[in-house]
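Coordinates in review
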Amino acid sequence: MTEGSQRFKGVLLILAILALWEAVGLLGWVNAKVLPPPHAVAIKWWEYLAPQQPYDPDSGSRLAWLLSGELIQDAMGSLYRVLAGFIVGTLLALPMGLLMGASRQVYQLCNPLLQILRPIPPIAYIPLSILWFGLGNPPAIFLIAIGAFFPVLMNTIAGVRAVDGIFLRAARNLGASRSTIFLRVILPASTPYILTGMRIGIGTAFIVVIVAEMIAVNNGLGFRILEAREYFWSDKIIAGMLTIGLIGLAIDQAMSLLNNHLLRWHRGLEH
Amino acid sequence: MDSSIVISGVNKTFPTPHGVVVALQDINLEIRTGEFVCLLGPSGCGKSTLLNAVAGFSLPSQGLIKVNGQAVTQPGPDRGMVFQEYALFPWMTVAQNVGFGLEIKKLPKADIRSRVDALLKLLKLSEFAERFPRDLSGGMRQRVAIARILALDSPILLMDEPFGALDALTRRSLQDELLRIWSELGKTVLFVTHSIEESIFLADRIVVMTYRPGTIKQDIRVTLPRPRDSASPEFNGLKRELSELVSSEQARHEDAERRALTTD
């Protein structure tokens, strides 16, 4: 079985499900209000994507006009929050994870606290986040940062602890100082773990952003599908959900490319 | 000629759940500058422990090791170590691995490059400079590890069964190469092996060690002219002599292992 024909089969399955879904609507088996047929979702999706106003050269460039559709604005809002929260979470988790992985004392000091905090889902911080940060982007970014923090932290700790002792001995033999060993040996040796943590972290961030947007802000994909529910626009809900799926896929692919580039020296690459 | 490594009265003990293991007992050894010395014995005889003590990775429980008159307290680039597992940094290219020790010394970039180029040429690695270690065979990796140590220009090479994981042909060609480098550069070499043939092929002196406690059983000077012919009667006579010395230690090692397994 070649990879090409496997992929073709995968596409075929999607098309088959779309056809079945359409048929179920045509045959009147389900209420179109509850489950609109795919063509209705596609039409709505296009409306949601396309600019709402006709092009007016006075109000800005053609590119800005092309990007003025509601869907694109929502997607950019969500992506901004995901990236901001993910960067905050990662920047906090990475040095802490490196330190906890490298030093037994720091690990023993911080571990009990982290073990208590880790099982608390980021969603449980919603009430506090609103109390502390009010409404808008700050509480959303806070929640996303928490979501990204733990996967990056735990994997970084595991990565540092898994560094083969022979690399440390070889580096010491070459006369490397502690800081050189840390930056040139421990850090690169643990990148496979760190990147795995980042990949999980950005996935969590993407889940949390949708929930955060349902509560704290008034744009973004999460906000939009909740808003669409108020008006019983099931087609728009589904269009929004599929957009979330596609953006999530794109982010994961981007992470995977980054992974393959940074770990080109590593065995067992994912292709 | 002065001694470059002096080991006097060294003991090393390890606490284990089954009691204290005496890995080294009363080791006294002097190695002259430029000498090629093999430590020979079965696994568990403490030869690697002794090498690690000279390297400064794990200091003796008692006794003193001096290298060029200085007591060994920590690892250092004056005693370059080549490991059986190569220990190349997989995230660095061949050239970066070889140049890492020079980078640590903060040499100018251009100097590092020319030095690395020369070493890669010496070890026939030039065309692999930009490859990562995972692309190389075991023999090539060990060449890179040797180049990395030679870059330090350390007067002493410590080698921990460096060719143990290689196939017979690769092993032989690396042995030849090591001898060539050794005679060209005049290094002092302390080489751990459990291969009798390897030790006769390489060494000026073969130090046979006993199994637990690790002591020096015999210190044999090899005077055969190089290159040594493993088919010659002298080579084989020495091989027979060493086989007898080593096999009684190997028997004790196997005995101890069997006992450890049956008492569990």
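Please read all numbers here as calculations on a predicted model, not as lab measurements. (Residues numbered from 1 in each chain as written. Chains lettered and ligands numbered in written order. Predicted model: local features only at pLDDT ≥ 70, side-chain atom pairs only at ≥ 80, totals over all residues. Heavy atoms only, no water.)

Considering the overall build of chain B
When helices and strands are counted, chain B shows 7 helices and 10 strands. Computed over its C-alpha atoms, the radius of gyration of chain B comes to 19 Å, within 12% of the 18 Å expected for a compact globule of 264 residues. Reported as C-alpha extents along the three principal axes, the dimensions of chain B are approximately 55 × 45 × 45 Å. Here chain B, with 264 residues, has 52% of them falling under the buried criterion. For chain B, the accessible surface area stands at approximately 11900 Å², while carbon and sulfur atoms represent 51% of it. Mean positive and mean negative side-chain charge positions of chain B (32 and 32 charges, respectively) differ by 3 Å. (Helix = DSSP H or I, 4+ residues; strand = E, 2+ residues; numbered from the N terminus. Rg over C-alpha atoms; globule rule 2.2 N^0.38 Å. Buried < 20%, exposed > 50% of the residue type's maximum accessible area, 1.4 Å probe, protein only. Areas by Shrake-Rupley, 256 points an atom, 1.4 Å probe, with all protein chains shown as cover. Lys, Arg positive; Asp, Glu negative; His and termini not counted. Charge placed at Lys NZ, Arg CZ, Asp CG, Glu CD.)

Here we look at the overall build of chain A
Within chain A one finds 11 helices and 0 strands. When the helices and strands of chain A are read in sequence order from the N terminus, they spell out α-α-α-α-α-α-α-α-α-α-α. Whereas a compact globule of 271 residues would reach a radius of gyration of roughly 18 Å, chain A reaches 23 Å, over 25% beyond that. Overall, chain A is about 75 × 55 × 45 Å in size when its C-alpha atoms are taken along their principal axes. Put simply, chain A has 271 residues, and 42% of those count as buried. Total accessible area computed for chain A in this model is approximately 15200 Å², and 69% of it derives from carbon and sulfur atoms.

Digging into the sheet that holds strand E8 (residues 188-193) of chain B
All names here are of chain B. Spatial strand order, E6-E7-E8-E3-E9-E10: 6 strands in an open sheet with mixed pairing. The strands lining the two open edges of the sheet, one partner per strand, are strand E6 (79-82) and strand E10 (216-221). In this sheet, adjacent strand axes meet at a mean angle of 15° when their direction is disregarded. Where E6 and strand E7 (residues 156-160) come together, 4 bridges link them in parallel fashion. Note on E7: the bridge partner recorded for Met-81 is Leu-158. (Pairing = 2+ DSSP bridges. Axes fitted to C-alpha atoms, helices over the stretch in contact; angles between N-to-C directions.)

As for the nonpolar core
Counting residues in each nonpolar core, the largest one holds 148 residues, and the members touching the most others are Ile7(B), Phe36(B), Phe89(B), Leu190(B), Phe191(B) and Leu242(B). The leading source of residues in this core is helix H9 (residues 178-215) of chain A, at 14 residues. Setting aside anything within four residues of it in sequence, one finds Leu190(B) in contact with Ile5(B), Ile31(B), Val37(B), Leu39(B), Leu51(B), Val54(B), Leu157(B), Leu158(B) and Met159(B). (Core = buried A, V, L, I, M, F, W, Y, C linked by side-chain atoms within 4.5 Å. Contact = heavy atoms within 4.5 Å.)

Focus: unusual backbone geometry
Most of the time, phi is negative for any residue but glycine, and the peptide bond is trans. Residues and elements named next belong to chain B. Cis peptide bonds are those with omega within 30 degrees of zero, and the linkage from Arg-212 to Pro-213 qualifies with -5°. By secondary structure assignment, the location of Pro-213 is in the loop between strand E9 (205-209) and E10. Pro-227 follows Arg-226 through a cis peptide bond whose omega is -5°. Within the secondary structure, Pro-227 is located in the loop between E10 and helix H7 (233-263). Even without glycine at this site, Tyr-86 takes up a positive phi of about 65°. Tracing the chain through its elements places Tyr-86 in the loop between E6 and helix H2 (94-104). The phi dihedral of Glu-161 is positive, around 40°, even though this residue is not glycine. For Glu-161, the location among the structural elements is in the loop between E7 and helix H5 (168-185). On the basis of relative accessibility, which here comes to 10%, the residue Glu-161 falls in the buried class.

Some words on the packing of aromatic side chains
Counted by the stated rule, this structure contains 15 aromatic pairs over all chains. Note on Phe167(A) and Phe89(B): the rings are 6.1 Å apart at their centroids and 45° apart in plane angle, and the pair reads as tilted. With one member in each of two chains, Phe167(A) in helix H8 (residues 165-173) and Phe89(B) in the loop between E6 and H2 form a pair that bridges those chains. Classification of Phe167(A) as buried rests on a relative accessible area of 14%. Phe89(B) sits in the buried class, given a relative accessible area of 0%. Residues Phe36(B) and Trp182(B) carry aromatic rings whose centres are separated by 5.5 Å and whose planes lie at 80° to one another, so their mutual orientation is edge-to-face. Taken together, the positions of Phe36(B) in strand E3 (residues 36-40) and Trp182(B) in helix H5 put the pair 146 residues apart, joining distant regions of the chain. Assigned by exposure class, Phe36(B) and Trp182(B) land together as buried. Among the aromatic residues, those joined into a cluster by ring pairs are Phe167(A), Trp265(A), Phe89(B), Trp91(B) and Phe100(B). Directly above the ring of Tyr107(A) sits Arg161(A), whose terminal nitrogen or CZ lies 3.9 Å from the centroid. (Phe/Tyr/Trp six-rings, centres within 6.5 Å; stacked < 30°, edge-to-face > 60°. Lys NZ or Arg CZ within 6 Å of the ring centre and 35° of its normal.)

Comments concerning a nonpolar patch on the surface
On the surface, a nonpolar cluster with roughly 560 Å² of combined accessible area is contributed by Phe8(A), Val11(A), Leu12(A), Ile14(A), Leu15(A) and Leu18(A). One can find Leu12(A) in helix H1 (residues 3-26). (Patch = residues over 30% accessible without salt bridge, like charges linked within 9 Å, V, L, I, M, F, W, Y side chains within 5 Å. Salt bridge = Lys/Arg side-chain N within 4 Å of Asp/Glu carboxyl O.)

As for the state of the cysteines
Applying the stated criterion across every chain yields a total of 0 disulfides over all chains. The cysteine Cys45(B) is free of any disulfide, with Cys38(B) supplying the nearest cysteine sulfur at 12 Å. (Disulfide = S-S within 2.5 Å.)

Topic: H1(A)
Residue and element names in this part refer to chain A. The first and last C-alpha atoms of H1 sit 35 Å apart over 24 residues, in line with the 34 Å expected at 1.5 Å per residue. Within the span of H1, buried status applies to Trp-21, Glu-22 and Val-24. Next to the buried residues of H1 lie helix H2 (38-49) and helix H11 (234-262). Positive phi appears at Gly-28, one or two residues downstream of H1, with a value of about 75°. (Expected span 1.5 Å × (residues − 1).)

Digging into the packing of H2(A) against H11(A)
All names here are of chain A. Here H2 crosses H11 at 75°, and the two axes come no closer than 8 Å. Taken together, the axis directions place H2 and H11 in an arrangement best described as roughly perpendicular. Across from Ala-40, Val-41, Lys-44, Trp-45 and Tyr-48 in H2, the residues of H11 making contact are Asp-235, Lys-236, Ile-238, Ala-239, Gly-240, Leu-242, Thr-243 and Leu-246. For the contact of H2 with H11, the residue count by class is 8 nonpolar, 2 polar and 3 charged. (Parallel < 35°, antiparallel > 145°, perpendicular 65-115°, else oblique. Nonpolar A, V, L, I, M, F, W, Y, C, P; charged D, E, K, R; others polar.)

A short note on the interface of chain B and chain A
Often the size quoted for an interface is simply the accessible area lost on bringing the parts together. Chain B puts 27 residues into the contact, and the matching count from chain A is 20 residues. Summing both partners gives a buried area of about 2200 Å² for chain B against chain A, and 66% of it is carried by carbon and sulfur. Taken together, the links from chain B to chain A amount to 1 salt bridge. Here Glu103(B) and Arg184(A) are joined by a salt bridge, their closest N and O atoms 2.6 Å apart. (Buried area = accessible area lost by both parts, 1.4 Å probe.)

Honestly, that's just the spatial picture; any functional story needs more than this.
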